[in-house]
Each structure stands twice: as C-alpha cells, then as structure tokens.
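Summary of structural features
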Amino acid sequence: MVRARPPTDTVRRRRRVRSRRDLGSEAVGRRGRWSPTPSRAYAHGVPTFPAESELRRERLSVLETFRSLRPDEFESAPTLCPGWAPRDVLSHLLGQEGGRLLYATSFGRFSNGNERIVDRGRARGRGELLARAALWARFPSVSSRVAAYGLLGETAIHHQDVLRPLGRRSDISDAAKRAMLRTAAVLGPGRLLGSRVVPSDLPGGAFGVGRRVAGPSDALALWLSGRADIEDELEFA
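Attention here is on the structure that accompanies the text. (Residues numbered from 1 in each chain as written. Predicted model: local features only at pLDDT ≥ 70, side-chain atom pairs only at ≥ 80, totals over all residues. Heavy atoms only, no water.)

1. A closer look at the overall build of the protein chain
Per the secondary structure count, the protein chain includes 12 helices and 3 strands. Pairs at least 24 apart in sequence give 58% of the contacts found in the protein chain among residues at least 6 apart. Of the roughly 13,300 Å² of accessible surface on the protein chain, a fraction of 54% belongs to carbon and sulfur atoms. (Helix = DSSP H or I, 4+ residues; strand = E, 2+ residues; numbered from the N terminus. Contact = heavy atoms within 4.5 Å. Areas by Shrake-Rupley, 256 points an atom, 1.4 Å probe, with all protein chains shown as cover.)

This is the structure in structure tokens:
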C-alpha cells in the first residue's frame, strides 16, 4: 500500500499565495452563485473600510434587481431620473468603477460626465451591461472600497430610482438609510436649507433647522435630492 506524501513546505507556500490572490474564492459558492461571505483573504490581513460591507450588500441587491427586469423594462421603463431608463441608471452606477477618466476630462461639469458615461453605456447590450454589473458588485475596486462610505448613499438612492416607478421596494438597512440621507443632504442643499428633516424610521436621526419634514428615510432622501412626486409620502409642518 502506497501512502500519500504530506505536502512539502513549498507546496504549502504556493497554496497560501493562491489563497491570498483569490479574493473571491470563498464568496463564490457551488455552481458559481455569489454569496457575500467574506473571502479567506480577509483572514490574511486584507483591510476593510468604513461601510465597505454595506456597499457590497447594496451592490449585490442592485445586481439582482437589474437581473430581474424584463428586457423591455431594462431598456425603456421609467425611472426617477428624468430621461434615463434603467439601463442608463446602471451605466451611471458602473461609472463608479470605470468612469473616473470621463469625469476628470469633464473639468468639474458632473452632468456632462454623467451623460458621457450613459452615452457610452447605450452602445452596449443588456448582456454586456449585466456582465459588467456582476463584476462591479462582486469585485469592487480598491478605490471603491476606500470610498464606500460615500458611494453607499448614491448606490442606494439610484436603486430606489429604478424600483419605485415599477411599484417595487427593497429592504434597506439602517446604514444604507443614513448613507442615503448624507448623500441627499449634499445633493439637495436647496431643500435642506430651512428644513428640519425627521426620519420616522431612524430614531435620533433628525437634522437641519426650519420647517419640519418627516417621513421614511428613503422618501426623505429622494425628496432632498430633487426627485419628483415624493411629497405625498412626507409630512410638512
């Protein structure tokens, strides 16, 4: 009977190197289905950043939403972003990873950068955009991980931009709700000025000075960031 030889030190070292390189190996389960379980690499000292885990969860939720859309919904359903179909919102979100050069060459004109990214996305088919979205959700770049605290709010707001006109909702974590309000306060200083914003689902989360505007966090964030037809969900006093 021949016994298997135990692995040598060289083999062990090679295995450790492979495990550190494969940042997603532990997160991809059988049949290639994604699970947001942290990879083995984190056990070897790969750092995490503020709100990184929440951003990963929200991106995976966004990915599932876009995958669930019928082709006609993906291409032409209305969203809360005027002039943009769901595919355009997705292209904009993908710009978090690959659109920095276009923003940089727009010389501070963010609306111009947005349109350039969306126009580029319109030249891609649904399958290609969803494939890119899978990478965006599963393997965020280091810069996105570092900026997760800021990107979480934008991602969650745009998720609602797609869901609400379709009559759909998603579960929003408290961390994502707070991030949405932070982002909205930056995007909508005009509405925040003179308003006391009171989230009904986040005790102690009120901010601002002026007339009282109360309601669910997601609705408040959408209102602050300028979305239309949200007022019916809010109370003004």
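Now that the structure has been shown, the text picks up again.
2. Considering the pattern of salt bridges
Scanning all chains against the criterion turns up 18 salt bridges. Ionic pairing is found between Glu 73 and Arg 70, a salt bridge with its closest N-O pair at 3.1 Å. Accessibility expressed as a relative area gives 46% for Arg 70, which makes it partly exposed. A salt bridge links Arg 164 to Glu 233; the nearest nitrogen and oxygen atoms lie 2.5 Å apart. (Salt bridge = Lys/Arg side-chain N within 4 Å of Asp/Glu carboxyl O. Buried < 20%, exposed > 50% of the residue type's maximum accessible area, 1.4 Å probe, protein only.)

3. Some details on the packing of aromatic side chains
How two aromatic rings sit relative to each other is given by the distance of their centres and the angle of their planes. Applying the stated criterion to the full structure yields 2 aromatic pairs. Arranged with centres 6.2 Å apart and planes meeting at 80 degrees, the rings of Phe 66 and Phe 74 form a pair that is edge-to-face. The class for Phe 66 is buried, based on a relative accessible area of 2%. The ring of Tyr 149 has Arg 182 sitting right over it, with the charged end atom 3.7 Å from the ring centre. (Phe/Tyr/Trp six-rings, centres within 6.5 Å; stacked < 30°, edge-to-face > 60°. Lys NZ or Arg CZ within 6 Å of the ring centre and 35° of its normal.)

4. A short note on the pairing of strand 2 (residues 211-215)
Sheet topology places strand 1 (residues 195-199) next to strand 2; 5 bridges connect them, and they run parallel. Paired with Val 198 across the bridge in strand 2 is Ala 214. (Pairing = 2+ DSSP bridges.)

5. What to know about the sheet that holds strand 1
Pairing is mixed in the open sheet, where 3 strands are placed in the order 1-2-3. A single partner strand is all that each edge strand has here, and the edge strands are strand 1 and strand 3 (235-236). Here strand 2 pairs with strand 3 via 2 bridges, running antiparallel. Bridge pairing links Ala 214 to Glu 235 in strand 3.

6. Let's talk about the nonpolar core
The biggest cluster of nonpolar side chains holds 27 residues, and the ones touching the most others in it are Met 180, Leu 220, Trp 223, Leu 224, Ile 230 and Leu 234. Contributing elements (two or more residues each) for this core: helix 9 (148-163), helix 10 (174-187) and helix 12 (217-224). Once residues lying within four places of it in the same chain are set aside, the contact partners of Met 180 are Gly 153, Ala 156, Ile 157, Gln 160, Ile 172, Asp 218 and Ala 221. In this structure, Leu 93, Val 118, Leu 129 and Val 162 belong to the second largest nonpolar core, which totals 20 residues. (Core = buried A, V, L, I, M, F, W, Y, C linked by side-chain atoms within 4.5 Å.)

7. Topic: helix 10
For helix 10, with 14 residues, the first-to-last C-alpha span of 20 Å sits near the 20 Å given by 1.5 Å per residue. Within the sequence span of helix 10, burial applies to Ala 176, Lys 177, Ala 179, Met 180, Leu 181, Thr 183, Ala 184 and Ala 185. The inward-facing, buried residues of helix 10 contact helix 2 (52-68), helix 9, helix 11 (189-192), strand 1 and helix 12. (Expected span 1.5 Å × (residues − 1).)

8. Some thoughts on the packing of helix 10 against helix 12
Closest axis-to-axis distance for the helix 10/helix 12 pair is 8 Å, and the angle between their directions is 15 degrees. In terms of axis orientation, helix 10 runs roughly parallel to helix 12. Our pair here, helix 10 against helix 12, has a crossing hand that is left-handed. Residue-level inspection shows Lys 177, Met 180, Leu 181 and Ala 184 of helix 10 in contact with helix 12, the latter providing Ser 217, Asp 218, Leu 220, Ala 221 and Leu 224. For the contact of helix 10 with helix 12, the residue count by class is 6 nonpolar, 1 polar and 2 charged. (Axes fitted to C-alpha atoms, helices over the stretch in contact; angles between N-to-C directions. Parallel < 35°, antiparallel > 145°, perpendicular 65-115°, else oblique. Left-handed = near helix turned anticlockwise from the far one by under 90°. Nonpolar A, V, L, I, M, F, W, Y, C, P; charged D, E, K, R; others polar.)

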